[in-house]
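Single-letter residue listing:
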Amino acid sequence: MKHLAEDLAAWMGTLGSAEWVARRFSPEASRRLRLGTNEVLGGVDQWDLVSAVAVEYGDTFARCSAGVVADVRLERPVGLPARIAQVLRKYEDGPPRTAARQAMVTSEACGTVVASRNHADHYIENPNRFRSAIVAASMRSYNGKLTEYRERIDDVSDERVSASVAAAIERLTELYGEADVSDRLPTEHEISYVEHKLDRFLTKSNSTRFRSDLPLLEGSTLYTTADVHGEAWRRARRNLLRLYMDAAELDENTIAEVYGSNFARARQDLQRALIRASARKSASDLDTSHLELGYRSTEIKTLFTQARSYLAQTPIESNNAWSWKWNGQAMCWERAIALEILADAGSVAGHSASALEQTLRERYDQVRPSDTLAPTRTASISLALQLTRGALAMAIHDDDVFGNDGVELVGSRKPDQTWSEKTADVLSALRGHRVAWDRLTGNAG
């Protein structure tokens, strides 16, 4: 039902941009379609016209694009641990449906359904004639996400996970063709340009300023209005970056449209997450520790596990930026304490870097370790902190940044700073920690 509602909203906007829809129904109905399904309509006539578009075309289109999720789920890699399966499930939802909608609009084999009224009617007559091509497009998108995930975890995951994902990729490629994968990552210039444009728009429109930080659901402090602004900025940044990489012009209207839709969806998604959480737990449970990592706790724990794997395989004792000599038999205290910290995501996610540094000082003073790599107390604590933050930065992708979910260790919010500014700072800090990690581990080019 959720997939159908989301796809119907997307199709209504697409149909509202088609000239033949405006000619057949009315320019005002098309305008209302473009504004979105949450708009209030005045007058029965316009409501009837908008409803007619949904009945005649939107519903059938949405059922097809939303329905590909059921096909994709049948291709889920088998035998995965629950925490990995939970992470991969997000790839079965959005990307395949987006690919299905895009294929239906742009590919003749999938109907080019909004090219004209004849195309739309031809599709409506027999949707099944196009379905195999649409499913194939969605599978290539899903395969692309699996491929990107495998490349991301290949050097830190156990052999069973890697083999299962690889088998699924091979099967999907054989059945549906080569995976859709990103041609390249954005450059630093592109990232800076998009962030500047977005922040300038928000400053001008005063969109990120609000008088109070209010809970989205009474009785829960998990997500607030500040989180909505932060998540909306993150989503808008990602989508605008994709547009810019595709040579689209980021004028004020485009930015306003992208940010507005992402803000509405972010608020809706967080509210739904809170409603689901409150349905599962009593009101008295909402402030207990089971929520400390947020609703993405499984994914955050996976990120910490990946960071720990990076650090476990890093020979910092024999290869470090200062050429300190190591005479011990086991790993040094700095690496051991960083691994211990990363092993317990729940105790550190959401804590600031300064709090972590204080913890390291206390641990050092408690045990007075003799097996340190660094020659002094200050240097040992600093190295352990750098290793912890650097390993996390290597595991956390830019799209993983969300509110307080485990990123306070690599960047924190300053007083009076908006969530968009905070998220931008965290992303910048992540890139800095990755550079520092390469320097620490001898991988800098």
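Nothing here was measured: the structure is a model prediction, and the numbers come from that model.

J.: Would you explain the overall build of the protein chain in this entry?
T.: Check the secondary structure of the protein chain and you find 18 helices and zero strands. For the protein chain, buried positions account for 46% of its 445 residues. Within the protein chain, residue pairs in contact and separated by at least 24 positions form 74% of the contacts whose partners lie at least 6 positions apart. In the form shown here, the protein chain has an accessible surface area of approximately 22,500 Å², with 49% of it arising from carbon and sulfur atoms.

J.: Would you mind showing me how to read the packing of helix α1 (residues 2–16) against helix α4 (residues 44–73) here?
T.: In a pair of packed helices, the angle between the axes and the distance between the axes together describe the arrangement. It is at 8 Å that the axes of α1 and α4 come closest, and there the two elements cross at 130°. The angle between the axes of α1 and α4 places the two elements in the oblique class. Between α1 and α4 lies a crossing of right-handed hand. When grouped by side-chain class, the residues that make up the contact of α1 with α4 number 13 nonpolar, three polar and four charged.

J.: I'm lost on the packing of aromatic side chains in this one. Help?
T.: Ring pairs (aromatic) are described by centroid distance and by the angle formed between their planes. Within this structure, the stated rule accounts for 10 aromatic pairs. The interplanar angle of 65° and the centroid separation of 6.4 Å between the aromatic rings of F201 and Y259 together place this pair among those described as edge-to-face. On the criterion of sequence distance, the pair formed by F201 in helix α10 (residues 188–205) and Y259 in helix α12 (residues 252–280) is long-range, its members being 58 residues apart. Under the relative-accessibility criterion, F201 is labelled buried at 13%. Relative to F263, the ring of Y259 lies with its centre 6.1 Å away and its plane at 35°, an arrangement referred to as tilted. With Y259 and F263 both in helix α12 and four residues apart, this pair spans about one turn of that helix. The exposure class assigned to F263 is partly exposed, which follows from its relative accessible area of 24%.

J.: What's the story with the pattern of salt bridges in this structure? I'm lost.
T.: A full pass over the atoms with the stated rule returns 23 salt bridges. As a salt-bridge pair, R97 and D93 come within 2.5 Å of each other at their nearest N and O atoms. Just as R97 is buried, D93 falls in that class too. Between E340 and R363 there is a salt bridge, and its shortest N-O distance comes to 2.7 Å. Of the two residues, E340 sits in helix α14 (residues 333–342) while R363 sits in helix α16 (residues 353–367), which places them 23 residues apart along the sequence. Each of the salt bridges in this network shares a partner with another, and the network as a whole consists of K2, E6, D7, D93, R97 and R101.

J.: Before we go on, may I ask you to explain unusual backbone geometry in this structure?
T.: Excluding glycine, residues mostly carry a negative phi; peptide bonds, for their part, are mostly trans. The phi dihedral of S323 is positive, around 60°, even though this residue is not glycine. Examined against the element boundaries, S323 turns out to sit in the loop between α13 (297–312) and α14. Despite not being glycine, R368 has its phi angle at roughly 45°, a positive value. Inspection of the secondary structure puts R368 in the loop between α16 and α17 (377–395).

J.: I would appreciate a short explanation of the environment of G111 in the present structure.
T.: Relative to the assigned elements, G111 resides in the loop between α6 (94–106) and α7 (117–125). Taking C-alpha positions, G111 is 6.5 Å from F130, a pair spaced 19 residues apart along the chain. Ignoring any residue separated from it by four or fewer positions in sequence, one finds G111 in contact with M104, H119 and F130.

Calculation rules
Throughout this description, residue numbers start from 1 for each chain and increase along the sequence as written. The model is predicted, so local features are restricted to residues of pLDDT at least 70 and side-chain atom pairs to those at 80 or more, both for listing and for counting; the totals for chains, interfaces and linings are taken over all residues. Each side-chain value is derived from all of the structure's non-hydrogen atoms; neither hydrogens nor water enter the calculation. Secondary structure elements follow DSSP: runs of H or I no shorter than four residues count as helices, runs of E no shorter than two count as strands, and numbering proceeds from the N terminus. Think of it in three bands: with a 1.4 Å probe and only protein chains considered, a residue is buried below 20% of the maximum accessible area for its type, exposed above 50%, and partly exposed in between. The contact definition used throughout considers only heavy atoms, calling two residues in contact when any of these lie within 4.5 Å. To measure how exposed things are, a 1.4 Å probe is used in the Shrake-Rupley method; for residues, cover is taken only from the protein chains shown. An axis is simply a line fitted to the C-alpha atoms; with a helix, the fit covers only the stretch in contact. Between two such axes, the angle follows the N-to-C directions and lies from 0 to 180 degrees. Orientation labels follow simple angle bins: below 35 degrees gives roughly parallel, above 145 gives roughly antiparallel, 65 to 115 gives roughly perpendicular, and whatever is left gives oblique. Take the far helix as your reference; a near helix turned counterclockwise from it by less than a right angle gives a left-handed crossing, and one turned clockwise gives a right-handed crossing. Any residue outside Ala, Val, Leu, Ile, Met, Phe, Trp, Tyr, Cys, Pro, Asp, Glu, Lys and Arg is labelled polar, Gly included; the first ten of those are nonpolar and the last four are charged. Paired rings are identified among Phe, Tyr and Trp, the last through its six-membered ring, by centres lying within 6.5 Å, and are further divided according to the angle between planes into stacked (under 30 degrees), edge-to-face (over 60) and tilted (the rest). We define a salt bridge as a contact between a side-chain nitrogen of Lys or Arg and a carboxyl oxygen of Asp or Glu at a distance within 4 Å.

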